[in-house]
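# Chain and residue survey
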Amino acid sequence: MSQPVTAFGPDFPFSYDRWLGHPQGLGTLPSRHHGAKVAIIGAGMAGITAGYELMRMGLRPIFYEPGRIGGRLRSQAFTGQTDVVAELGGMRFPKSSRAFYHYVNKLGLKVKPFPNPLTKAAGSTVIEIEGRRHYAETLDDLPELYREVAEAYDAALEEGARFSDLKAAISARDVDRIKEIWNPLVKAWDERTFYDFVVSSEAFQKLSFHHREVFGQVGFGTGGWDSDFPNSMLEILRVNLTELDDDQHLIAGGADQVPQGIWAHAPVGPVHWPHGTTLKSLNGGAPRTGAARIFRDKRGQLCVTDKWGHTDAYEAVVVTCQSWLMTTAIEVQENLFSPKLWMALDRTRYMQSSKTFVMTDRPFWRDRDAEGREVMSMTLTDRLTRGTYLLDQGPGKPGVMCLTYSWMTDALKMLPLPVEQRVSLALSALEQIYPGVDIRSHIIGDPITVSWEADPNFLGAFKGALPGHYRYNHRMYSHFVQSGKPQMERGIFLAGDDVSWTPGWVEGAVSTALNAVWGVMDHLGGRTERTNPGPGDCWSELGPVELGE
């Protein structure tokens, strides 16, 4: 019987969801360390996950956060609302992200399908390129060219990546088979781009340049792919193979309910701590302000100084902020990391992203025109809006429009503009596509926007690995396994989606946080149960393939 695909590998095929769900728990610590303090730098999903699991083991996580709890799970309520939000960061969560959904389910949050193009949740989709507009409810409603593009990419994946065989191995969690197929692909495609993969495939070589142009502008699943064309093909393959771009859901009421909920969640039977203990209670109700310095003192203890100049010593430190902040915002003692790891952290390349939202009096796009079609649709276009998403909040509630969701150079066009001008430009573009629809008359409240590269706590949306970056990623991801490292470099651990193999997806934040949990436990002399080994226990068997320096 076929099993559902999960985010299992392919680089490190370890079952994080099974480790989390095992009745024996993640592991135990020597009692002498119970109550010991561990610093967590950043209160996004990675930091909150690491802190929660370390608290359950009996440690006291102390958080440093200059912004808000949630990181890039940032849900901003519209004026006068509490549960009608603009999802400025992560907004669609694939069901293959089993470790993330462990926490969603723990909190009992409701999810519903995200209205991606050509999905039932969207209702209808409009694709407009070079002024030609096509209305569709399924792929079959589009001109033949679009089917040819979709089929060509499927064929390219089979030709260049043995896609079906590899997906079947991931679904079956067949580690040996995954490594047999994936490891040679790493060597073959690390230094080649996504665009190279597409144009060099036999399937696309039979088609026109316009076919490739359409693939870049529109793509399938979540939208256009051209912003990712310069990226390493390995990064795209990981997304496709683990269905991160498929069967996506939104968190009703806002994605930030997950990290904020875990922050305030009292686990059942935590070690050492009394019933009712939460991360919030252990931190006096709020995180400390952002970290300004991380260093070892004269006694060799790891220390963190906050932005007000207060310093505390810790048994371990988990750093979950984006890597550039360790050279631009936080003074990190240089010999805490090796020169090669510093090179990897500094070479991280972040992608730009911009979103602009408005609230409407109702989901008016569900109205039908004289031909029986919805008056507006989820829209993909080559205009500056690129992607427009229509979010129905349910009966009797306002509607939410993500007017524009753009990346890289398209996002940079918005960067210097105030929110009112961003809205005006987006509406002008959409009015060219829907000339008979008075969108403006339905807008209520104030618009909401974000440019992640302008946020000093992030400096970009997420990592986009370039060709040749596999070795850098390997150095960052493997950092939690610290046996053999110099003593100076032990006890500080990296986590976050930009350390993972799947940047931009919250599953990467959760899985690297769990790596750090194992690392802290191991550093303090703890152990996992024999029947539930952790990621570090399986590293020698499952670890990612190494490429020579």
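Residues numbered from 1 in each chain as written. Predicted model: local features only at pLDDT ≥ 70, side-chain atom pairs only at ≥ 80, totals over all residues. Heavy atoms only, no water.

A few words now on the overall build of the chain. Counting its regular elements, the chain contains 19 helices and 22 strands. For 549 residues, the compact-globule formula gives about 24 Å, and the C-alpha radius of gyration of the chain, at 23 Å, lands near that figure. For the C-alpha atoms alone, the extent of the chain along its principal axes is close to 75 × 55 × 45 Å. Taking all 549 residues of the chain together, the buried fraction comes to 59%. (Helix = DSSP H or I, 4+ residues; strand = E, 2+ residues; numbered from the N terminus. Rg over C-alpha atoms; globule rule 2.2 N^0.38 Å. Buried < 20%, exposed > 50% of the residue type's maximum accessible area, 1.4 Å probe, protein only.)

Attention shifts here to the packing of aromatic side chains. Under the defined criterion, the tally for this structure stands at 34 aromatic pairs. Ring geometry for F100 against Y101: centres 5.6 Å apart, planes inclined by 70°, an arrangement best described as edge-to-face. Here the two residues F100 and Y101 agree in accessibility, since each one is buried. Both rings, one in F480 and one in W518, keep their centres 6.0 Å apart while their planes meet at 90°; by these two values the pair is edge-to-face. Placement of the pair is F480 in the loop between α17 (470-477) and β22 (492-494) and W518 in helix α18 (residues 506-523), with a sequence separation of 38 residues. Pairwise contacts between aromatic rings join F12, F14, Y16, W19, Y470, Y477, F480, W501, W518 and W539 into one cluster. Sitting above the plane of the W189 ring, R192 keeps its charged end 3.9 Å from the centroid. The positively charged end of K355 is found above the aromatic ring belonging to Y405, 4.6 Å away from the centroid. (Phe/Tyr/Trp six-rings, centres within 6.5 Å; stacked < 30°, edge-to-face > 60°. Lys NZ or Arg CZ within 6 Å of the ring centre and 35° of its normal.)

This part takes up the sheet that holds strand β9 (residues 248-251). Strand pairing in a sheet is mediated by backbone hydrogen bonds. Such pairs are either parallel or antiparallel. One open sheet accounts for 3 strands, arranged β5-β9-β6; its pairing is antiparallel. Looking at which strands have only one partner, the edges of the open sheet turn out to be β5 (93-94) and β6 (111-113). Note: β6 against β9, 3 bridges, orientation antiparallel. Across the sheet, residue P113 finds its bridge partner in β9, namely H249. (Pairing = 2+ DSSP bridges.)

Within the secondary structure, E53 is located in helix α2 (residues 45-56). When its relative accessible area of 1% is taken as the criterion, E53 is described as buried. Apart from the residues lying within four places of it in its own chain, the contact partners of E53 are L20, L26, Y103, L514 and V517. (Contact = heavy atoms within 4.5 Å.)

A few words on the sheet that holds strand β12 (residues 311-314). Strand order in this open sheet of 4 strands is β12-β11-β10-β14, and the pairing throughout is mixed. Of all strands in the sheet, those with a lone pairing partner are β12 and β14 (331-332), marking the two edges. Here 2 bridges tie strand β10 (residues 291-296) to β14, and the two strands are oriented parallel to one another. Within β14, the residue paired with R293 across the bridge is E331.

By the element assignment, N515 lies in helix α18. With relative accessibility at 1%, the residue N515 sits in the buried group. Through-space distance from the C-alpha of N515 to that of P117 is 34 Å; in sequence the pair is 398 residues apart. The residues touching N515, leaving out its near neighbours within four places in the chain, are Y16, Y477, F480 and P535. Within the structure, N515 has its side chain in polar contact with the side chain of Y16 (distance 2.7 Å). (Polar contact = N/O pair within 3.5 Å; in protein donor to acceptor, adjacent residues only side chain to side chain.)

All right, on to helix α6 (residues 175-189) then. End to end, α6 covers 20 Å across 15 residues, agreeing with the expected 21 Å (1.5 Å per residue, within 8%). Within the sequence span of α6, burial applies to V175, I178, K179, I181, W182, N183, L185, V186 and W189. Structurally, α6 contributes buried residues whose contacts are with α4 (144-161), α5 (163-172), α7 (194-200), α10 (233-241), α17 and α19 (539-542). (Expected span 1.5 Å × (residues − 1).)

One can describe the packing of helix α14 (residues 339-347) onto α17 by two numbers: an axis separation of 9 Å at closest approach and a directional angle of 115°. Taken together, the axis directions place α14 and α17 in an arrangement best described as roughly perpendicular. By crossing handedness, the relation of α14 to α17 is classed as left-handed. The segment α14 lies against α17, with K340, L341, M343, A344, L345 and R347 engaging Y472, R475 and M476. Within the contact of α14 with α17, the residues separate by chemical class into 6 nonpolar, no polar and 3 charged. (Axes fitted to C-alpha atoms, helices over the stretch in contact; angles between N-to-C directions. Parallel < 35°, antiparallel > 145°, perpendicular 65-115°, else oblique. Left-handed = near helix turned anticlockwise from the far one by under 90°. Nonpolar A, V, L, I, M, F, W, Y, C, P; charged D, E, K, R; others polar.)

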